[in-house]
Amino acid sequence: MGDVVTRSVVHGGQVHQVAKTLGRPVSSFIDFSASVNPFGPPASVLGAMQQSLPSCGHYPDPSAEGLRMRLAKEHGISSDSIVLGNGSAELIRMLPLALSLRQGYVAGPTFMEYEASLHLAGARCTYVLATSAEKYAPPLEPLSLLVGALHSGSQRAAYKNAKSSTAVFFCNPNSPTGRVATARSLRRLYRQIERAGLWMVIDEAFIDFCPSHSLIKEISKARRLLILRSFTKFYGMPGIRLGYLVGAPETVATIRRLLPPWSVSHFAQEAGVAAVDDVKYRQRSVKFMQEERQRFMTRLRGVPGLRIIPASANFVMVELPLKCVTASLVSRLARQGILVRDCQTFSGMTQPALRLAIRYPRDNNRVIHALKEALRDI
Ligand SMILES: Cc1ncc(COP(=O)(O)O)c(C=O)c1O
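Computed from a predicted model, the values in this text were never measured in an experiment.

Q: Tell me what's going on with unusual backbone geometry, and back it up with residues and numbers.
A: Look at the link from Gly108 to Pro109: it is a cis peptide, with omega at -10°. Despite not being glycine, Ser100 shows a phi value in the positive range, around 50°. Topologically, Ser100 is positioned in the loop between α4 (88–98) and β4 (103–108). Looking at Ser100, the number of C-beta atoms within 10 Å reads 11, which means it is exposed. Not every positive phi belongs to a glycine, and Arg241 is a case in point at roughly 65°. The topology assignment puts Arg241 in the loop between β8 (225–230) and β9 (243–246). Its 21 C-beta neighbours within 10 Å are what place Arg241 among the buried residues.

Q: Hey, could you go over the nonpolar core for me, with residue numbers and the actual values?
A: One broad rule of soluble globular proteins: the nonpolar side chains tend to lie buried together. Membership of the largest hydrophobic core comes to 107 residues, with the highest contact counts inside it found for Met200, Ala271 and Val318. The two domains that each donate at least three residues to this core are domain 1 (2–41 + 280–376) and domain 2 (44–278). Aside from chain neighbours lying at most four places away, what touches Met200 is Ala167, Val168, Phe170, Tyr190, Ile193, Arg224 and Leu225.

Q: Describe the pairing of β4, with residues and values.
A: Counting buried residues in β4 gives 5 out of 6 residues, a clear majority hidden from the surface. Pairing between β4 and strand β5 (residues 124–129): 6 bridges, direction parallel. Residue pairing across strands places Ala107 opposite Val128, the latter belonging to β5. Crossover β4 to β5 through helix α5 (residues 113–120) is right-handed. Sheet analysis places β4 next to strand β6 (residues 166–171), joined by 4 bridges and oriented parallel.

Q: Please provide a residue-by-residue account of the environment of Ser52, values included.
A: Structurally, the position occupied by Ser52 is in the loop between α2 (43–51) and α3 (65–75). Along the primary structure Ser52 and Leu242 are separated by 190 residues, whereas in three dimensions their C-alpha atoms are 16 Å apart. Excluding residues that lie within four positions of it along the chain, Ser52 makes contacts with His266, Phe267 and Glu270.

Q: Let's hear about the environment of Gln336: which residues, and what values?
A: Note that Gln336 resides in the loop between α12 (326–335) and β12 (338–339). When the C-alpha atoms of Gln336 and Gly305 are compared, they prove to be 20 Å apart, with 31 residues separating the residues in sequence.

Q: Kindly report on the sheet that holds strand β11 (residues 315–319), identifying the contributing residues and their values.
A: Ordered in space as β10-β11-β14-β13, the 4 strands form an open sheet in which the pairing is antiparallel. Edge positions in the open sheet fall to β10 (307–308) and β13 (341–342), since each of these has one partner strand only. For β13 and strand β14 (residues 353–357), the ladder comprises 2 bridges, and the chain directions are antiparallel. For Asp342, the partnering residue across the bridge sits in β14 and is Leu354. Where helix α11 (residues 279–301) meets the sheet, its contacts fall on β10 and β11, and the angle it forms with β11 comes to roughly 15°.

Q: So what about the packing of α4 against helix α9 (residues 249–258)? Which residues, and what values?
A: Interhelical geometry of α4 versus α9 gives an angle of 115° and a closest axis separation of 10 Å. As summarised for this structure, α4 and α9 are arranged roughly perpendicular, according to the angle between their axes. Handedness of the α4/α9 crossing: right-handed. Side by side, α4 and α9 meet where Leu91, Met94, Leu97 and Ala98 of the first sit next to Thr254, Ile255 and Leu258 of the second. A breakdown of the residues in the contact of α4 with α9 according to their chemical character gives 6 nonpolar, 1 polar and no charged.

Q: Requested: an account of the domain arrangement of the protein, with residues and values cited.
A: According to the domain assignment, the protein consists of domain 1 (2–41 + 280–376) and domain 2 (44–278). Just the C-alpha atoms count here: the centres of domain 1 and domain 2 sit 25 Å apart. Contact residues are listed per partner, giving 38 residues for domain 1 and 35 residues for domain 2. Mapped onto the side of domain 1 that touches domain 2, the elements with two or more residues apiece are β1 (2–3), α11 and β11. Considered class by class, the residues forming the side of domain 1 that touches domain 2 number 19 nonpolar, 13 polar and 6 charged.

Q: An account of the pairing of β6 is requested, with residue identities and associated values reported.
A: The side chains of a regular strand alternate between the sheet's two faces. Most of β6 is tucked away, with 6 of its 6 residues classed as buried. Here β6 shows two buried faces, one formed by Thr166, Val168 and Phe170 and the other by Ala167, Phe169 and Cys171. Sheet analysis places β6 next to strand β7 (residues 199–203), joined by 5 bridges and oriented parallel. Pairing of Phe169 across the sheet is with Val201, part of β7.

Q: Run through the packing of α3 against helix α10 (residues 266–277), naming residues and quoting values.
A: Their axes nearest at 9 Å, the elements α3 and α10 cross at an angle of 20°. Classified by the angle their axes make, α3 and α10 are roughly parallel. Where α3 crosses over α10, the two elements pack in a sense that is left-handed. Residues Gly66, Leu67, Arg70, Leu71 and Glu74 of α3 form the contact with α10, whose participating residues are Gln269, Gly272, Val273 and Val276.

Cut-offs applied
Residues numbered from 1 in each chain as written. Predicted model: local features only at pLDDT ≥ 70, side-chain atom pairs only at ≥ 80, totals over all residues. Helix = DSSP H or I, 4+ residues; strand = E, 2+ residues; numbered from the N terminus. Buried ≥ 20, exposed ≤ 12 C-beta atoms within 10 Å, placed from the backbone. Core = buried A, V, L, I, M, F, W, Y, C linked by C-beta atoms within 7 Å. Domains from an automatic or database assignment. Contact = placed C-beta atoms within 7 Å. Pairing = 2+ DSSP bridges. Right-handed = clockwise from strand over helix to strand, strands pointing away. Axes fitted to C-alpha atoms, helices over the stretch in contact; angles between N-to-C directions. Parallel < 35°, antiparallel > 145°, perpendicular 65-115°, else oblique. Left-handed = near helix turned anticlockwise from the far one by under 90°. Nonpolar A, V, L, I, M, F, W, Y, C, P; charged D, E, K, R; others polar.

The following block contains the structure:
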């Protein structure tokens, strides 16, 4: 565990910039760097957006009531425990302010926006890191020890004043590692966090690929739990910008007050309803991803020099040989039209590693072949 110096946040999905630098069209790249469902947005979503075109002469419903009601029904929770955002990234930015956080403990290495948002709000960010030696298994044990220590008698006096301004951030399944914590183990950690009077934020941006691990249905019994969800990854619609946060109604109301009015467009709201309604797309996506993930990981295991980290979502993290210069490998692949995510830009990541989105089998075979060749030349 330790404070990590903030670095500027780098994200995957930089296909436009890379295409410009290399002077090639965007369409000539296969993008494994952004972990988005290869099916792309459901046809039902595109249809719903087209149908809603005439509505662009009006402001969208600022409370997004229709979509909130649909989500509430889907999850079996109340609609006033849901707030929508222009992507879940917008909600992450609001969280430290809304909760008046002074300290965040982040299970890392992970998505860098928690750290950035904490720092922007003037709060401290401390990582509790999963390790390469344990194949990045979620750091539940060290987090539990930490929460126990914070709650213990020796620290009680100082901590009493600060406890309500402390949150634990946990991404499940985690990006970039791909590891998932079971609902059971997270429930146990949450109970401990609640007893200690802290907040717990679980980012479930990728949970639709393994929904049995979600705690969303339990939100009404968990007043100090906040869950983030995104339409981006599972519904393959990063350009639409739609995410939501679920929590106790009074906390949700505070976040809503901080958001700009109309931050979720009418198109995004209609797209969200159509996506949630599209049961077939969801079933097809989960089935495809389960099968292709298995096949992809098996093939990756056959690439000499790679160490495969067990994956549960729509991407796989692979560790590279220590002597490998990741940035050079990433550039070499880009010149071949293959974009991958260099994981060394994540705070707390000590090993050279790549994150590979799982795409259609033909594309996946191409990245495997390219990696084999590149690693042979090292
Ligand atoms: C773990 C995680 N959470 C949240 C987000 C933000 O997603 P969006 O703002 O598109 O909903 C991302 C995007 O990369 C992510 O990886």
